[in-house]
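An overview of the molecular structure
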Amino acid sequence: MGMQLEGKVAVVTGAGSGIGRAIAERFAREGAMVGAWDLNGEGVAATVETITRAGGKAVAVTADCSDAAAIAEAAATTRGAFGPIQILVNNAGIAPFVPYLEITDEQWDQIMRINLKGPHLCIREMLPAMLEAGWGRVVNITSSSVQSGSFAQVHYVSSKGGVLGMTKALALEYAASGVTFNMVPPGFVDTPALRAAPVDIDTFSKTLPMKRVGQPDEIASACVFLASEGASYVTGQTISVNGGRYMGSA
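What counts, and at which threshold
- Per chain, the residues get numbers from 1 upward, laid out in the order the sequence is written.
- Local features in this predicted model are restricted to residues of pLDDT 70 or higher, and side-chain atom pairs are both shown and tallied only at a pLDDT of 80 or more, whereas totals for entire chains, interfaces and linings draw on every residue.
- The basis for every side-chain value is the complete set of non-hydrogen atoms in the structure, without hydrogens or water.
- UniProt positions are given in the numbering used here, feature names are shortened, and annotations may be inferred rather than shown by experiment.
- Accessibility here uses a 1.4 Å probe with only protein chains present; expressed as a share of the type maximum, an area under 20% marks a residue as buried, one over 50% as exposed, and anything in between as partly exposed.
- A run of H or I in DSSP becomes a helix once it reaches four residues, and a run of E becomes a strand once it reaches two; helices and strands are each numbered from the N terminus.
- A crossover gets the label right-handed when its path from the first strand over the helix to the second runs clockwise, viewed with the strands pointing away from the viewer.
- Here, strands pair whenever DSSP counts at least two bridges between them.
- Buried Ala, Val, Leu, Ile, Met, Phe, Trp, Tyr and Cys residues form a nonpolar core when they are joined through side-chain atoms within 4.5 Å.
- Any two residues whose heavy atoms approach within 4.5 Å at even a single point are treated as in contact.
- Here a salt bridge means any side-chain nitrogen of Lys or Arg lying within 4 Å of a carboxyl oxygen belonging to Asp or Glu.

As annotated in an unreviewed UniProt entry, the chain carries the name SDR family oxidoreductase and is attributed to Novosphingobium aureum. Under Sequence similarities (unreviewed entry), UniProt gives the following word-for-word description of the chain: "Belongs to the short-chain dehydrogenases/reductases (SDR) family."

Details of the pairing of strand β2 (residues 33–38)
Along β2, 6 of the 6 residues are buried, which leaves the element largely enclosed by surrounding structure. Covered by surrounding structure in β2 are M33, G35 and W37 together with V34, A36 and D38, the residues of both alternating faces. Tracing the backbone out of strand β1 (residues 9–13), into helix α1 (residues 18–29) and back to the parallel element β2 gives a crossover that is right-handed. Taken together, the 6 bridges between β2 and strand β3 (residues 57–62) define a ladder with parallel strand orientation. Of the residues in β3, the one forming a bridge with V34 is A58. Traced from β2 through helix α2 (residues 41–53) to β3, the parallel crossover comes out right-handed.

A short note on the nonpolar core
Within the largest apolar cluster, 32 residues are counted, with the highest numbers of intra-cluster contacts made by V12, I23, F27, V34, V184 and C223. Elements with a contribution of two residues or more to this core: β1, α1, β2, α2, β4 (87–90), β5 (136–141) and α9 (216–227). Top element by residues in this core is α9. It accounts for 7 residues. In contact with V184, other than residues within four places in its own chain, are V139, N140, I141, T142, I219, A222, C223, L226, I239 and V241. Formed by 28 residues, the second largest nonpolar core is a distinct cluster that contains F82, I85, L121 and A171.

A short note on the pattern of salt bridges
One pass over the full model with this rule turns up 7 salt bridges. Put simply, D64 and R113 hold a salt bridge, and the shortest N to O gap is 3.7 Å. Within this pair, whereas D64 is found in the loop between β3 and α3 (68–82), its partner R113 is found in helix α4 (residues 105–133), the two being separated by 49 residues in sequence. In this structure D64 comes out as partly exposed when scored by relative accessible area, which is 27%.

Right under this line is the structure:
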């Protein structure tokens, strides 16, 4: 099979590490020209170096993916390098652990700004050109915690639940336009963020149906499908990449 994203221009937010880096690198291997965005300039530069060293095309953009002005500038940089943006993966986010009654107003507002308003602002920036072209793909990285809940993460789960609702509403509104909106909620995936979390990874992974932690590239595989021509009749859907942890749909 040939490269599934040949010649497409894609933006991946939060591409400086973990799942975002894996998605950016995989998209490049599939032939996409990648705008790799992240607040972490060093991380995103390393992602792009890996891509270009392997013969792929990518541009590193240091940007706050929750700030409208920064997003507009990042989009202009990406378009200047590769042309109109056709694929967007909203992956940037934070996932702190704070007991509910200890969550401050500032913490609540910050997580909503980054995890919920950020994807909205990125979509709003890129959707008009997708509509004009009659083709576009938006993949939102949500969270399996929306399906199951998560201890001491009420603000995080609420923000990702908002992204779930936004994805379905956008999918319905633009279903006839050629632009699709889908989501991938990762389960327990081995990333630097998970390694830094207050979780015993080895112990918890043994409780999962597959008895192992997921890998970032396994999330990337689902994103490649949803961004490809093969997913042209798929919108408003959830592909739960979680090792069988949660079988329902949300």
